[in-house]
2 protein chains.
Amino acid sequence: MNRTIAKLAAVILSLVGPLARAQDPIPSWNDGATKKSITDFVAKVTKEGSPDFVKPSERIAVFDNDGTLWAEQPMYFQLAFALDRVKALAPQHPEWKECEPFKSVLAGDVKAALAGGEKAILAIIAATHSGMTTEEFEEAVKQWIATARHPVTGRPYTEMIYQPMRELLDYLRASGFKTYIVSGGGVEFMRPWVEAAYGIPPEQVVGSSVKTKFEMRGGVPVLVKLPELGSLDDGPGKPVNINLHIGRRPVMAFGNSDGDLRMLQWTAAGKGSRFCLIVHHTDAQREYAYDRESHIGKLDKALDEAKTRTWTIVDMKTDWIAIYPPAPVPGR
Amino acid sequence: MNRTIAKLAAVILSLVGPLARAQDPIPSWNDGATKKSITDFVAKVTKEGSPDFVKPSERIAVFDNDGTLWAEQPMYFQLAFALDRVKALAPQHPEWKECEPFKSVLAGDVKAALAGGEKAILAIIAATHSGMTTEEFEEAVKQWIATARHPVTGRPYTEMIYQPMRELLDYLRASGFKTYIVSGGGVEFMRPWVEAAYGIPPEQVVGSSVKTKFEMRGGVPVLVKLPELGSLDDGPGKPVNINLHIGRRPVMAFGNSDGDLRMLQWTAAGKGSRFCLIVHHTDAQREYAYDRESHIGKLDKALDEAKTRTWTIVDMKTDWIAIYPPAPVPGR
């Protein structure tokens, strides 16, 4: 009898579980304090008459991209794009065969190429992110994002996005929030694919940028990307750009590294209800585990401040049921 | 009998006229080729299955502000704000009494103050648009816009907006367009009042800007406005900023001066259906009449190009039934 009851209970649970999940707006989040902090906040700011109510026009949520909405290991994906672009552009630059960091990139020795530090990276970025029109660059990004594969998982980069964050974006939009990306990544590198990946339109993407120059070419206006930094959208550059591009202080902010700290502080300092969250990379098995000592996505001061101020800290290992979206069924 | 019929017809017309107008989405526009060019364009790009159909996410319409959405004579309203700010800030700057252009501003002699040309204007802008936090500046703009009056009409500046353009903005939004301001005016000067005036939220305002600096003041993060130009959103700066801030090419663009020509060309050069319009100030009686020789809102090359390319040119005198919104009833 007891066995029968246990069996029955198991059957009922197996039936009820998926049902409950189907009604859960963020089913890839394990139940617990982290998830509750999000749903409680959204419930109170969207409840009319509540002292915490935020009117829909003020519901701005900002998301870092690298390490917050998609992975960033073993190197920033935009750097992988730049390295691939060096190879694609090499036939037009015979001089690169003799010139670092390009020589090493072309020889497939990324480590040697990046040994030149910031100067080497800037040379690679300048060579691959300027000297063409904005439309030519967009085309290059589209081609790359459609064909390139992550070196470890072998999946397209657009499948290296975090499923729980994708659900969270949908959930916030369904709750009247306008979702923005505010990323250290290049704004023109992100725009061609983020709408399909995250449901975020190009006009809601803020990022780093090079300057552009308006030119008439044979009577046709073009914008040419220059080898000159326009804006570095990292650290204090994030609140600066939020102010310049959005002109409202966010109500919710999501990041994963010290580069997001100023954005989180700026958000938290607003009047009324605010919500700050940090994605902590703790899952060496399913993703990567890194924080204070990492060169990529270093999380040190922001982790301390998150603890002191009781911001929400996502423990990827325990809080997330899935990391990436399910792999698409072949042929579908 | 004929008289009776004529009377009857007049009565019917007086009844039908307002009815027809009530259904007209832009009733302050006289019927004619100008109005028809707008409504025809909107009809064809919003009709599903039409070869000219533009999907809602791509429906971006950009509007210059000064001289296109509100008046700009006898001087840019932002300059009037700056001159008033000099007076308001004078007690904190005793040295201004002996120093041009401030001395003349404080003496009420605008002409003498501006005789110093661009250098004088830049000194006034720097003194009034930097050295404070973004929140302090916003407060100053809000106070000014609520109290200042236009020197000729005596009306608040927010009543110096063009009623036909206000209707057009509503009409385009009702047709699925996202409406943006792309103005040479300061982005932080516009944001505090444009939502009430035009229904355009702060995040859809692009303008000129000074650089800002993130600072911690007593543990509170602030953004300080610096006396250094960030972006001049005029001429070629308009397509550059449209690309940076919106990241989509507009489908419709509206301007009134040569400073808008690059934006109109950039819009027109997009694939598929595009619409460009120029507001031509032709009504010396109800507003102002100026174009090729004007120091403010000079319209010369753009007028020639509009004619060559058959862009829509608004003749304010004949195309607009009203210029400004009706004056509010006192006490309401």
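Residues numbered from 1 in each chain as written. Chains lettered and ligands numbered in written order. Predicted model: local features only at pLDDT ≥ 70, side-chain atom pairs only at ≥ 80, totals over all residues. Heavy atoms only, no water.

A.B. asks: How should the overall build of chain A be read in this particular structure?
C.D. replies: If you tally the helices and strands in chain A, you get 13 helices and 8 strands. The C-alpha radius of gyration computed for chain A amounts to 22 Å, which stays within 12% of the reference 20 Å derived for 332 residues, consistent with globular compactness. In terms of its C-alpha atoms, chain A occupies a principal-axis envelope of roughly 80 × 50 × 40 Å. When each of the 332 residues of chain A is scored for burial, the buried share is 51%. The contacts of chain A with a sequence gap of at least 6 include a subset with a gap of at least 24, amounting to 65%. Summed over its atoms, the accessible surface of chain A is roughly 15,600 Å², and 56% of this surface lies on carbon and sulfur atoms. Seen as two clouds, the 40 positive and the 40 negative side-chain charges of chain A have centres 4 Å apart. (Helix = DSSP H or I, 4+ residues; strand = E, 2+ residues; numbered from the N terminus. Rg over C-alpha atoms; globule rule 2.2 N^0.38 Å. Buried < 20%, exposed > 50% of the residue type's maximum accessible area, 1.4 Å probe, protein only. Contact = heavy atoms within 4.5 Å. Areas by Shrake-Rupley, 256 points an atom, 1.4 Å probe, with all protein chains shown as cover. Lys, Arg positive; Asp, Glu negative; His and termini not counted. Charge placed at Lys NZ, Arg CZ, Asp CG, Glu CD.)

A.B. asks: Help me understand the environment of Arg217 of chain B, please; the structure alone is not making it clear to me.
C.D. replies: Residue and element names in this part refer to chain B. One can find Arg217 in strand β3 (residues 205-217). Using a relative accessible area of 40% as the deciding quantity, one classes Arg217 as partly exposed. Sequence-distant contacts of Arg217, defined by excluding residues within four places in its chain, comprise Thr133, Val222 and Val224. Polar side-chain contacts of Arg217 include one of 3.2 Å to the side chain of Glu215. (Polar contact = N/O pair within 3.5 Å; in protein donor to acceptor, adjacent residues only side chain to side chain.)

A.B. asks: What exactly am I supposed to notice about the side chain of His245 of chain A here?
C.D. replies: By the element assignment, His245 of chain A lies in helix α10 (residues 237-246). Take His245 of chain A: its relative accessible area is 9%, and that puts it in the buried class. Separated by 3.4 Å, the side chains of His245 of chain A and His245 of chain B make a polar contact. Once residues within four sequence positions are removed from consideration, His245 of chain A is found in contact with Val206 of chain A together with Arg191, Glu203, Leu244 and His245 of chain B.

A.B. asks: How should the confidence of the model for chain A be read in this particular structure?
C.D. replies: Regions with low pLDDT carry predicted coordinates that are not meant to be interpreted in detail. Considering every residue of chain A, the mean pLDDT works out to 94; 92% of them sit at 70 or more. Confidence metrics for the complex model read pTM 0.92 and ipTM 0.92. (pLDDT = per-residue confidence, 0-100.)

A.B. asks: Would you mind showing me how to read the side chain of Ser257 of chain A here?
C.D. replies: Here Ser257 of chain A shows up in the loop between β5 (252-255) and α11 (261-268). With residues near it in sequence (within four places) discarded, Ser257 of chain A still touches Gly297, Lys298, Leu299 and Ala302 of chain A.

A.B. asks: I keep staring at the interface of chain B and chain A and nothing clicks. Help me out?
C.D. replies: When the parts of a complex come together, some accessible area is lost, and that lost area is often taken as the interface size. Listed by partner, the interface residues are 34 residues for chain B and 34 residues for chain A. At the boundary of chain B with chain A, total buried surface from both sides reaches about 2,900 Å², with 55% on carbon and sulfur atoms. The tally of links from chain B across to chain A stands at 8 salt bridges. Lys178 of chain A is paired through a salt bridge with Glu203 of chain B; the nearest N and O atoms lie 2.9 Å apart. Counting every contact that joins chain B to chain A gives 17 residue pairs in polar contact (both at pLDDT 80 or more). In terms of residues, the side of chain B that touches chain A owes the most to one element, helix α10 (residues 237-246) of chain B, which gives 6 residues. Split by residue class, the side of chain B that touches chain A holds 17 nonpolar, 8 polar and 9 charged. (Buried area = accessible area lost by both parts, 1.4 Å probe. Salt bridge = Lys/Arg side-chain N within 4 Å of Asp/Glu carboxyl O. Nonpolar A, V, L, I, M, F, W, Y, C, P; charged D, E, K, R; others polar.)

A.B. asks: Is there a simple way to explain the relation of the copies chain B and chain A in this structure?
C.D. replies: The two chain copies are connected by a rotation around an axis plus a translation along it. In screw terms, the move from chain B to chain A is a rotation of 180 degrees and a rise of 0.0 Å along the axis, fitting with an RMSD of 0.0 Å. The two molecules are tied by a two-fold rotation axis, judged by turn and shift. It is His245 of chain B whose C-alpha, among those of chain B, lies nearest the rotation axis, at 3.2 Å. Mapped onto chain A, 100% of the interface residues of chain B are again interface residues, and the two copies thus contact each other with one and the same surface. (Least-squares fit on C-alpha atoms with pLDDT ≥ 70 in both.)

A.B. asks: Before we go on, may I ask you to explain the environment of Lys307 of chain A in this structure?
C.D. replies: Residue and element names in this part refer to chain A. Its place among the elements puts Lys307 in helix α12 (residues 301-308). In sequence terms Lys307 and Val182 are 125 residues apart; their C-alpha atoms lie 23 Å from each other. Among residues more than four places away in sequence, those in contact with Lys307 are Arg292 and Ile313.

A.B. asks: Can you help me understand the packing of helix α7 (residues 134-147) of chain B against helix α9 (residues 187-198) of chain B in this one?
C.D. replies: Think of two packed helices as two axes; the pair is described by the angle between the axes and how far apart they sit. Residue and element names in this part refer to chain B. Axis separation between α7 and α9 bottoms out at 9 Å; the angle between their running directions is 55 degrees. Taken together, the axes of α7 and α9 lie oblique to each other. The two elements α7 and α9 meet at a crossing, and its hand is right-handed. In contact with Thr134, Phe137, Glu138, Val141, Lys142, Trp144 and Ile145 of α7, α9 contributes Glu188, Phe189, Pro192 and Trp193. (Axes fitted to C-alpha atoms, helices over the stretch in contact; angles between N-to-C directions. Parallel < 35°, antiparallel > 145°, perpendicular 65-115°, else oblique. Left-handed = near helix turned anticlockwise from the far one by under 90°.)

A.B. asks: What is the right way to read the packing of aromatic side chains from this model?
C.D. replies: Any pair of aromatic rings gets described here by the distance separating the centres and the angle formed by the planes. Applying the stated rule across the entire model yields 34 aromatic pairs over all chains. Ring geometry for Phe77 of chain A versus Tyr157 of chain A: centroids 4.5 Å apart, planes at 55 degrees, classification tilted. Placement of the pair is Phe77 of chain A in helix α3 (residues 77-89) and Tyr157 of chain A in the loop between α7 (134-147) and α8 (163-174), with a sequence separation of 80 residues. Residue Phe77 of chain A shares its accessibility class with Tyr157 of chain A, and that shared class is buried. A network of ring pairs unites the aromatic residues Trp70, Phe77, Phe81, Phe137, Trp144, Tyr157, Phe189, Trp193 and Tyr198 of chain A as a single cluster. Directly above the aromatic system of Phe137 of chain B lies the positively charged group of Lys225 of chain B, at a separation of 4.2 Å from the ring centroid. (Phe/Tyr/Trp six-rings, centres within 6.5 Å; stacked < 30°, edge-to-face > 60°. Lys NZ or Arg CZ within 6 Å of the ring centre and 35° of its normal.)

A.B. asks: Explanation requested: unusual backbone geometry in the structure shown.
C.D. replies: Glycine aside, residues mostly have negative phi, and peptide bonds are mostly found in the trans state. All names here are of chain B. Omega for the peptide link from Gln73 to Pro74 comes to 0 degrees, which places this bond in the cis form. Relative to the assigned elements, Pro74 resides in the loop between β1 (60-63) and α3 (77-89). Put simply, Glu100 and Pro101 share a cis peptide bond, and its omega is 5 degrees. Summarising the element assignment, Pro101 is placed in the loop between α3 and α4 (102-106).

A.B. asks: What exactly am I supposed to notice about α12 of chain A here?
C.D. replies: Spacing of three or four residues puts side chains on the same side of an α-helix, whose turn is 3.6 residues. Residue and element names in this part refer to chain A. For α12, the complete set of buried residues consists of Ala302, Leu303, Glu305 and Ala306. Taken around the axis of α12, the buried residues stretch over an arc of 165 degrees, which confines them to a single face. Turned more than 90 degrees off the buried face of α12, the exposed positions are Lys301, Lys307 and Thr308. Turning to α12, the residues buried within the fold contact α11, β6 (275-282) and β8 (312-315). (Arc of directions from axis to C-beta.)

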